[in-house]
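# Structural overview
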Amino acid sequence: MLIDRAVVEVRSGNGGNGAISFHREKNVPKGGPDGGNGGRGGSVFLVAKKNVNTLLAYRHSRVLQANDGEKGDKCLRFGRNSPDVISEVPCGTLIFEEDGKTLIADLKNEGDMVCVAKGGRGGRGNAAFKSSRIRVPRVAENGYPGVRKRIVLELKLLADAGLIGFPSVGKSTLLNIVTKANVATADYPFTTIVPNLGVVTLEDGYHQFVLADMPGLIEGAHEGKGLGIQFLRHIERCRVLVHMVSMSGERDPFEDFKIINAELRDFGAGLENRPQIVVATKMDEEGAEERKAEFDKKTGIESIGISAITDENVSFLMKKIFEMIQKTPEFAPYSVPDEEIGGLKVYDAHLDAPKDPFEIVHPSDHLFIITGEEVTKKYALINLSTDAGVAQLISYLGRIGIDEALKEKGAKDGDTVRIQDFEFDYYE
């Protein structure tokens, strides 16, 4: 079964907390702080592997979770780092944020790897805070929280050329002839219900390319009719489209040609601009030559006539496909997140400007809530189990200008200020 889309929850490990400890040993007065650092939480990685060809393992919203780092201990014992979780996906997998639009990575080649959830670093023990001014530090850091989010995995098959067209025009039959793919064929629509891949070797025995047989498209495929919408995404990686039109006389070939091109256009991925080779199939049928001549006249394109029964022009077609593949660059299946020119990232002064470390929300009378990515990250590191830790938080908030901001917001003496799950009273 080809599973080409999955939603996965990833959870990296939290960093271990740093320890607050002081060395105690007989005949060693004033041993000093010896609390060790916490260990790093495990990260979650995805790696592309050729021996994996489906996302079946992620079908039921699988959770990929790494363990937390161990906490530090006395006698400068550092917590153990947690091992990373590395999960395999097929080559050609795109990874998106949960919105399905923001691309994280394109794992196209064997061994491509990306970290989708970075483990939290371990908190520093009180030994790390010792200095010439602070000889007896009574503070330590909590481990940094891990990441918890949902991502979308989307597989786009890696094929150089794709066979497209209405059902029963001979796509699977052609793939069987030129690749020995052994795809099921029959004289009814939608025999092919999943894309099939095969490797074509030219007559010289040296040059090869990958050919994909896409399930038959019908009118309205981009809206979910038939099987088209489920597999149109796989065409996005193909450099060349081989548009097959039947000359058996059962349908109007020109109308079929227009309908398929309209579906490619309406899908919205620029597929209508891909190089196409138009192939007239079933040329062994009575009247096929006349229908092909009329079709070529209407389209203004000289189609290549082939017959699966007589092998007419099949080798010639494979050679033409290979030549066009060589001339056509690879198409990116999705826009990359950061525009790059000459290997250098182009920064936008507005997008990349430094953000304020905090924001104050006033949801009700006498309550002010401090939010913001930077301030909440710092808060997560501070160990509030000791008076020194609380003093460290209050000192930090003062340094970043919380007092002035609260005053501007209209805070009065005795009002409650909340940051995450910690509350304190405001006084000028």
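Residues numbered from 1 in each chain as written. Predicted model: local features only at pLDDT ≥ 70, side-chain atom pairs only at ≥ 80, totals over all residues. Heavy atoms only, no water.

### Here's the deal with empty space enclosed by the protein
On inspection of all chains with the given rule, the structure shows one cavity of 30 Å³ or more. Taken as a whole, the largest cavity spans an internal volume of roughly 30 Å³. Forming the boundary of the largest cavity are Gly165, Phe166, Val169, His243, Met244, Val245, Ser246, Asp256 and Ile260. At the level of secondary structure, the elements contributing two or more residues to the lining of the largest cavity comprise strand S12 (240–246) and helix H3 (253–267). Here the element with the most residues in the lining of the largest cavity is S12; it accounts for four residues. Residues of the lining of the largest cavity, tallied by class, amount to five nonpolar, three polar and one charged. (1 Å grid on protein atoms, 1.4 Å probe; cavity = no way out; pocket = protein on both sides within 12 Å on 5 of 7 lines; lining within 4 Å. Points joined across faces, edges and corners; volume = space filled by probe spheres on them. Helix = DSSP H or I, 4+ residues; strand = E, 2+ residues; numbered from the N terminus. Nonpolar A, V, L, I, M, F, W, Y, C, P; charged D, E, K, R; others polar.)

### As for the sheet that holds strand S7 (residues 113–117)
Pairing is mixed in the open sheet, where three strands are placed in the order S4-S2-S7. Among the strands making up the open sheet, the edge pair consists of strand S4 (85–90) and S7. Taken pair by pair, the neighbouring strands of this sheet meet at an average axis angle of 30°, ignoring direction. Bridge count for strand S2 (residues 44–49) against S7 is four bridges, and the pairing is antiparallel. Counted as the bridge partner of Leu46 is Val114 from S7. (Pairing = 2+ DSSP bridges. Axes fitted to C-alpha atoms, helices over the stretch in contact; angles between N-to-C directions.)

### Thoughts on the packing of aromatic side chains
Counted under the stated rule, the structure contains three aromatic pairs. It is Lys378 that lies over the ring of Tyr396; its NZ or CZ is 5.8 Å from the centre. (Phe/Tyr/Trp six-rings, centres within 6.5 Å; stacked < 30°, edge-to-face > 60°. Lys NZ or Arg CZ within 6 Å of the ring centre and 35° of its normal.)

### Remarks on the nonpolar core
Grouped together as the largest cluster of nonpolar side chains are 35 residues, with contacts concentrated most on Leu174, Phe209, Leu211, Met244, Leu317, Met318 and Ile321. Elements supplying a minimum of two residues to this core: strand S9 (161–164), helix H1 (171–179), strand S11 (208–213), S12, H3, strand S13 (276–281) and helix H5 (314–327). Here this core takes six residues from H5, the largest share from any one element. In contact with Phe209, other than residues within four places in its own chain, are Asp160, Gly198, Val199, Val200, Leu202, Met318, Ile321, Phe322 and Ile325. Counting residues in each nonpolar core, the second largest holds 22 residues, with Ala48, Leu55, Ala117 and Ile151 among its members. (Core = buried A, V, L, I, M, F, W, Y, C linked by side-chain atoms within 4.5 Å. Buried < 20%, exposed > 50% of the residue type's maximum accessible area, 1.4 Å probe, protein only. Contact = heavy atoms within 4.5 Å.)

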